[in-house]
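Architecture at a glance
Single-letter residue listing:
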Amino acid sequence: MLRTHAPPSQDLFDVAIIGAGVVGCAVARRFALAGARVVLIEKGSDILSGASKANSAILHTGFDAPPGSLELDLIKAGRAEYLDIRAGLNLPLVTTGALVCAWNEMEAGKLEAIAAQGRANGITALKLMTGAQARTTMPGLSERLVAAIEVEDEHVIDPWTAPLAYLTQAVALGARFLRQAELVEGRFAGEWTLSTSTGDVRALSVVNAAGLFGDVVDRRLGFAPEFEIRPRKGQFVVLDKAAFAHVPRIVLPVPTEITKGVVVCPTAFGNVLVGPTAEEQDDRVRATVETETLEALLERGAQIVPALRAMPVTAVYAGLRPASESKAYRIFTRPEQRAITLGGIRSTGLSAALGLAQHALSLHRAFDAPPLVPVEPPPVALPNLAETRERDWQTPDHGEIVCHCEMVTRREIEAALASDVPPGDFGGLKRRTRAGMGRCQGFYCNARLAQMTKGRLATALAVGDGEGS
């Protein structure tokens, strides 16, 4: 059974946060550190059940963010805080740098303006290069490359362990995480009563971080719609770890008005990503993959790095980004009702999450609410899953290896199940341990995983004829 955490001494919370994506987890941490009694409400069975489970895992600098925008400020603030706290939380940083690549003269003609925008945004580690110069930093790039901008400080992180660390630190301070609790209605009468599918929650203030359902949650809180979520699907291909040697850097295209474009990118786990696409759709839940699109991504990847043409595919997936009718973040505050909406956080949410949390706390200080007394951060260190650092299987006495593709040990799985924020479903277990995410995609280890997780997940891992459930 899923474990829950004991609530604080009172059942009236200072802040209720709706949505346990990366932004919601970061907001929970920030308010808990500020001394607030925090409850995080999530309709899924685990954190990262929506948009945050699928992204390219890049820690952006903001070089191409709109100048003077709140988004730029929050990316820079979030990035700075991540770099400041990551060692203490044992979070990785894969220092790759990035190349914005122009593949024809028209794209090359845009690079100077992109570099100027980056410098105007305060990003100084930018360098215009010829195609030949760029290939000296990444020999695997196609000789078709015309020119590039090197962005030295764009890096790769673990997109799943970071938000888990944020929430784990909040829970260590007494925050409560409610799973499978969908918000049905919110009523404000001096304090909030939030009716969820598992019961009522009382709170003085509310923060809407519901991602793909941000506009829906605003309506359920009784607010007139101020923005509309328009889901944008992104399909990805994950290439085998053998591809990693050919892609030591993030390869970005010249962006368009709609999207940052298809990226070829190493991951913290030793694979290479190609994607995402940018496809508008109405469905907020279901993100399908299509063979024709995936083949086009593979072809595009091979055009950029020719050696990728021979690389096996490990996995394919699709995610949804909570885009809106505007490119800008959709942030609204309603002081009289002590409510904050953090909506429309698209491609840069992973980088900006900690900055968004800082911003939410600063907005909250203007509310008519009891003052908060900050507390010291509790010591929290997450297990390392990055290939660039020592993994558990490389340490003495690691014991049984359960997943041989990703070299996941039994004690890593047991530690995840016994942690303060245990996985609520099999996807959550995979994101915490990498089990079942390798070349065989769980073909050889799922039976063992089903045995180990029996009775521990909201939805049992079914294998074969159902044994293990």
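Residues numbered from 1 in each chain as written. Predicted model: local features only at pLDDT ≥ 70, side-chain atom pairs only at ≥ 80, totals over all residues. Heavy atoms only, no water.

The protein appears in an unreviewed UniProt entry as NAD(P)/FAD-dependent oxidoreductase from Ancylobacter pratisalsi.

1. Thoughts on the packing of aromatic side chains
Taken as a whole and assessed by the stated rule, the structure comprises six aromatic pairs. Here the aromatic rings of F227 and F332 are separated by 5.9 Å at their centres, their planes lie at 25°, and the arrangement is stacked. Note that F227 is positioned in the loop between α6 (214–220) and β12 (232–239) and F332 in strand β18 (residues 330–334), a separation of 105 residues in sequence. In this pair, the class of F227 matches that of F332, namely buried. Between F236 and Y317, the aromatic rings sit 4.8 Å apart at their centres with planes inclined by 15°, giving stacked as the arrangement. Note that F236 is positioned in strand β12 and Y317 in strand β17 (residues 313–321), a separation of 81 residues in sequence. (Phe/Tyr/Trp six-rings, centres within 6.5 Å; stacked < 30°, edge-to-face > 60°. Helix = DSSP H or I, 4+ residues; strand = E, 2+ residues; numbered from the N terminus. Buried < 20%, exposed > 50% of the residue type's maximum accessible area, 1.4 Å probe, protein only.)

2. What to know about the UniProt feature "domain: BFD-like [2Fe-2S]-binding" (unreviewed entry) in the protein
Under the UniProt annotation, the feature "domain: BFD-like [2Fe-2S]-binding" (unreviewed entry) is placed at residues 401–451. Annotated as 43% helix and 10% strand, the span residues 401–451 places its first and last C-alpha atoms 15 Å apart. (UniProt positions renumbered as here; feature names shortened; annotations may be inferred.)

3. Brief notes about a nonpolar patch on the surface
Taken together, the side chains of V289, L298, V313 and V316 define a hydrophobic patch exposed on the protein surface, amounting to about 260 Å² of accessible area. With respect to the helices, strands and loops of the structure, V316 is situated in strand β17. (Patch = residues over 30% accessible without salt bridge, like charges linked within 9 Å, V, L, I, M, F, W, Y side chains within 5 Å. Areas by Shrake-Rupley, 256 points an atom, 1.4 Å probe, with all protein chains shown as cover. Salt bridge = Lys/Arg side-chain N within 4 Å of Asp/Glu carboxyl O.)

4. Section: the packing of helix α9 (residues 410–417) against helix α10 (residues 426–433)
In contact at an axis separation of 10 Å, α9 and α10 are set at 125° when each is read in the N-to-C sense. Comparing their axes, α10 and α9 come out oblique. Taken as a pair, α9 and α10 cross one another with a handedness that is right-handed. Every residue of α10 that contacts α9 at E412, I413, A416 and L417 is listed here: L429, R432 and T433. Grouping the amino acids of the contact of α9 with α10 by side-chain chemistry returns four nonpolar, one polar and two charged. (Axes fitted to C-alpha atoms, helices over the stretch in contact; angles between N-to-C directions. Parallel < 35°, antiparallel > 145°, perpendicular 65-115°, else oblique. Left-handed = near helix turned anticlockwise from the far one by under 90°. Contact = heavy atoms within 4.5 Å. Nonpolar A, V, L, I, M, F, W, Y, C, P; charged D, E, K, R; others polar.)

5. Details of the side chain of R391
Relative to the helices and strands, R391 is located in the loop between α8 (349–364) and β20 (401–403). According to the relative accessible area criterion, R391 is buried, its value standing at 2%. At 3.0 Å, the side chain of R391 forms a polar contact with the backbone oxygen of E406. Those residues within four positions of R391 in sequence are excluded, and the remaining contacts are N384, L385, A386, E406, M407, V408, E412 and T433. (Polar contact = N/O pair within 3.5 Å; in protein donor to acceptor, adjacent residues only side chain to side chain.)

6. Some words on the packing of helix α2 (residues 70–89) against α8
Remark: α2 packs on α8, axes separated minimally by 6 Å, with the N-to-C direction vectors making an angle of 105°. If you check the angle between α2 and α8, you find them roughly perpendicular. Residues L70, L74, I75, A77, G78, R79, E81, Y82 and I85 of α2 touch α8, and the partners they reach there are S351, A352, L354, G355, L356, Q358 and H359. Class assignment of the residues belonging to the contact of α2 with α8 gives a composition of nine nonpolar, five polar and two charged.

7. Quick notes on the domain arrangement of the protein
Domain boundaries assigned for the protein yield domain 1 (9–93 + 154–226 + 326–380), domain 2 (94–153 + 230–321) and domain 3 (392–453). If you average the C-alpha positions of domain 1 and of domain 2, the two centres end up 28 Å apart. Domain 1 puts 34 residues into the contact, and the matching count from domain 2 is 37 residues. Each partner contributes to the roughly 2800 Å² buried at the junction of domain 1 and domain 2, and carbon and sulfur atoms together form 63% of this total. The largest share of the area that domain 1 buries against domain 2 comes from F63, V156 and L212, three residues that together contribute 25% of it. One can count one salt bridge joining domain 1 with domain 2. A salt bridge links R284 to D215; the nearest nitrogen and oxygen atoms lie 2.7 Å apart. Here domain 1 is connected to domain 2 by 15 residue pairs in polar contact (both at pLDDT 80 or more). (Domains from an automatic or database assignment. Buried area = accessible area lost by both parts, 1.4 Å probe.)

8. Considering the nonpolar core
The nonpolar side chains of a soluble globular protein tend to be buried, and buried together. Judged by nonpolar contacts, the single largest core of 84 residues is most densely connected at Y166 and L167. The contact partners of L167, leaving out residues within four places of it in the chain, are C25, A28, L40, I47, F177 and V421. C101, W103, M129 and V247 belong to the second-largest nonpolar core, a separate cluster that totals 23 residues. (Core = buried A, V, L, I, M, F, W, Y, C linked by side-chain atoms within 4.5 Å.)

9. Quick notes on the environment of E107
In this fold, E107 is placed in helix α3 (residues 105–120). It is 8.7 Å that separates the C-alpha atoms of E107 and A147, two residues lying 40 residues apart in sequence. With residues up to four places along the chain from it excluded, the contact list for E107 reads C101, A102 and V254.

10. Notes on the pairing of strand β15 (residues 272–275)
Strand residues, when the strand is regular, have side chains that alternate between the two faces of the sheet. On β15, burial covers both faces: V272 and V274 on one face and L273 and G275 on the other are all buried. One ladder, built from three bridges, connects β12 with β15; its direction is antiparallel. Within the sheet, the bridge partner assigned to V238 lies in β15 and is L273. The sheet contact formed by strand β14 (residues 263–266) and β15 spans four bridges and is antiparallel. Paired with V263 across the bridge in β15 is G275. Here β14 folds back onto β15, and the loop between the two strands holds five residues, one of which, G270, carries a positive phi near 90°. (Pairing = 2+ DSSP bridges.)

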